[in-house]
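Each chain, letter by letter, is given below.
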Amino acid sequence: MSTPGLGERLQSTRKRRGLTQRELAQLAGVSLSLVRKLEQGDREDTRVETLRKLAIALRVTTAELITGPEPEEPGTGDQWTAVRDAIMGRPMPEPDEEPTVSGVERALHEVTLLYPQTRYAEVGEAIPALLRDADALGSEGRALQSRAYRLAGRLMVQTRQYGAAETAFARAVDIAPDRLDAAAVINARCWLLVRRGMMGECVELAAQWADEMEPRLSRATLAELHAWGLLLLGISAAAVRNNQPGEAEDALRLAAAASAAIGREYASPADYETTFGALRVAMMRAENAMVEDRPDRVLAIAERVAHMPTQRPNSASRNRHRLDVAKAHVRLRRYGDAFEVLQDIRRKAPEWIVNQRMARDVMGDIVARRRTLTPEMREMADFIRLEY
């Protein structure tokens, strides 16, 4: 028996609740035409935020309405063929010199630092040789192997190559030398699960690891607090999208306690491409507020975030926060302010924004709601590959 699609699930749940399509649309705050299209199977790529509104109206979790993963980004796969091949272990040319632990460690560190700078093309060029050389080290280089595969997986998530990302993360966690390295992989995989709309799985996975790793705040090392805090943020991000606001807030409260114990933005030796601290917690609060459609709260939090110190002002997490700010401006009909945010992100992180579906959603709203577009707006729409 085939698995019912989103349209079938939505229609069945609506009928069980005794609602007409019009009544569901009114309760969820969406258009009647959208509900009709969804039930007819015409809009399988609907955003998780929209499904969350419907789930709240139907008194179910968002996960119960989602039928499958977000599709991989069309037209970008060829650029990453060499990375996917390396992840899958396909043969590569032999290196000119025998790799050494110190040499691979130095190269991996240099490439890893390019990732939070959103220099994805350079990361992609370096990863195949890194994976080959790290694998050649055998048991002596297990930590380096795990971290190289984790970095490859993160790049694949960022560029929507989800099958390759799953393979890379599976390999990374299998060979992780200790629980801190393994937790770093789990944190990265939680991001993948959220991207794919697998909220229930993300909450369960992150909660299991968070419970196992929960430290005593008075005795915990900074690395332990870092890993635990990021797992809690993973729970919060997935739970709020899955119509579990209590769980989302509880996880965020614990994450705030972890950040207070650290006292600054910190990146652990096991996961030095990802910082955690009060800034990350504040940005997650803003993200959750945007999922809950509270744009005023997003902008209020953003005012505080703008004055908080950060080690990496143009990192992917900071840019993701700024997309929430742009989206909040759109909700409040401040289209010019929203566009200025998009322009600034593009100037600082062009490789990042072009892979962000949320950026296209924001730009699509600007196009739909303005009577005319400036030349800069038209050019931006082309740059981020807006389809309509």
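Below is a short write-up of the structure. Predicted model only: the values in this text are computed from it and were never measured. (Residues numbered from 1 in each chain as written. Predicted model: local features only at pLDDT ≥ 70, side-chain atom pairs only at ≥ 80, totals over all residues. Heavy atoms only, no water.)

**Some points on the pattern of salt bridges**
Here the structure, examined in full by the defined rule, presents 25 salt bridges. We note a salt bridge from D85 to R90, for which the minimum N-O separation is 2.7 Å. Note on D85: relative accessible area 28%, which makes it partly exposed. The residue D181 makes a salt bridge to R147 at a minimum N-O spacing of 2.7 Å. Of this pair, D181 sits in helix α10 (residues 179–195) while R147 sits in helix α8 (residues 142–158); the two residues are 34 residues apart in sequence, bridging distant segments of the chain. Of the residues examined, R147 reaches a relative accessible area of 19% and is grouped as buried. Connected through shared salt-bridge partners, R150, R154, D271 and E273 make up one network. (Salt bridge = Lys/Arg side-chain N within 4 Å of Asp/Glu carboxyl O. Buried < 20%, exposed > 50% of the residue type's maximum accessible area, 1.4 Å probe, protein only. Helix = DSSP H or I, 4+ residues; strand = E, 2+ residues; numbered from the N terminus.)

**Here we look at the packing of aromatic side chains**
Two numbers describe a pair of aromatic rings. These are the distance of the centres and the angle of the planes. Under the definition given, this model contains 1 aromatic pair. Between Y115 and Y120, the ring centres sit 5.5 Å apart and the planes meet at 55°, which makes this aromatic pair tilted. The class for Y120 is buried, based on a relative accessible area of 1%. In this arrangement the basic side chain of R346 is found over the ring face of F383, its NZ or CZ atom lying 3.8 Å from the centre. (Phe/Tyr/Trp six-rings, centres within 6.5 Å; stacked < 30°, edge-to-face > 60°. Lys NZ or Arg CZ within 6 Å of the ring centre and 35° of its normal.)

**A few points about the side chain of Q161**
With respect to the element layout, Q161 can be found in the loop between α8 and α9 (162–175). Looking at Q161, the relative accessible area reads 4%, which means it is buried. Looking at Q161, its side chain comes within polar contact range of the main-chain oxygen of T159, at 3.0 Å. (Polar contact = N/O pair within 3.5 Å; in protein donor to acceptor, adjacent residues only side chain to side chain.)

**Some words on the nonpolar core**
L342, M363 and I366 are the most contacted members of the largest nonpolar core, which has 71 residues in total. Ranked by the residues each element gives to this core, the list is headed by α8, at 8 residues. Sequence-distant contacts of I366, defined by excluding residues within four places in its chain, comprise V330, Y335, A338, F339, L342, L373 and M377. The next biggest cluster of nonpolar side chains, apart from the first, holds 60 residues, and it includes L24, L34, V194 and A206. (Core = buried A, V, L, I, M, F, W, Y, C linked by side-chain atoms within 4.5 Å. Contact = heavy atoms within 4.5 Å.)

**Quick look at empty space enclosed by the protein**
For the structure on display, the rule yields 4 cavities of 30 Å³ or more. In this structure, the largest cavity spans a volume of roughly 40 Å³. Lining of the largest cavity is provided by L180, A184, N187, A223, H226, A227, L230, S268, A270 and D271. Among the secondary structure elements, those contributing two or more residues to the lining of the largest cavity are α10 and α12 (222–241). Examining the composition of the lining of the largest cavity, we find that 4 residues originate from one element, α12, more than from any other. Residue composition of the lining of the largest cavity, by class: 6 nonpolar, 3 polar and 1 charged. (1 Å grid on protein atoms, 1.4 Å probe; cavity = no way out; pocket = protein on both sides within 12 Å on 5 of 7 lines; lining within 4 Å. Points joined across faces, edges and corners; volume = space filled by probe spheres on them. Nonpolar A, V, L, I, M, F, W, Y, C, P; charged D, E, K, R; others polar.)

**Focus: helix α17 (residues 335–348)**
Spanning 14 residues, α17 covers 20 Å between terminal C-alpha atoms, matching the ideal 20 Å at 1.5 Å per step. On its buried face, α17 sits against α16 (316–331), α18 (350–353), α19 (357–369) and α20 (375–383). (Expected span 1.5 Å × (residues − 1).)

**With respect to unusual backbone geometry**
Of note, N243 is a non-glycine position whose phi angle comes to about 60°, a positive value. Topologically, N243 is positioned in the loop between α12 and α13 (245–262). The exposure class of N243 is partly exposed, given its relative accessible area of 23%. With a phi close to 65°, R333 is a non-glycine residue in the positive phi region. Tracing the backbone through its elements, the reader meets R333 in the loop between α16 and α17. Residue R333 is classed as exposed on the basis of its relative accessible area of 68%.

**Notes on the side chain of T13**
Among the structural elements, T13 can be located in helix α1 (residues 6–16). With sequence-adjacent residues up to four places away left out, T13 is seen in contact with L58, V60 and L65.

**Considerations on the packing of helix α11 (residues 199–213) against α12**
Close contact between α11 and α12 brings their axes to 8 Å; oriented N to C, the two are set at 155°. Here α11 lies roughly antiparallel to α12, going by the angle between them. The handedness of the crossing between α11 and α12 comes out as left-handed. Of α12, the residues touching α11 (which contributes M199, C202, V203, A206, A207, W209, A210 and M213) are A227, W228, L231, L232, G234, I235, A238, A239 and R241. (Axes fitted to C-alpha atoms, helices over the stretch in contact; angles between N-to-C directions. Parallel < 35°, antiparallel > 145°, perpendicular 65-115°, else oblique. Left-handed = near helix turned anticlockwise from the far one by under 90°.)

**Regarding the environment of D296**
Tracing the backbone through its elements, the reader meets D296 in helix α15 (residues 295–305). For the pair D296 and E214, spaced 82 residues apart in sequence, the C-alpha separation works out to 34 Å.

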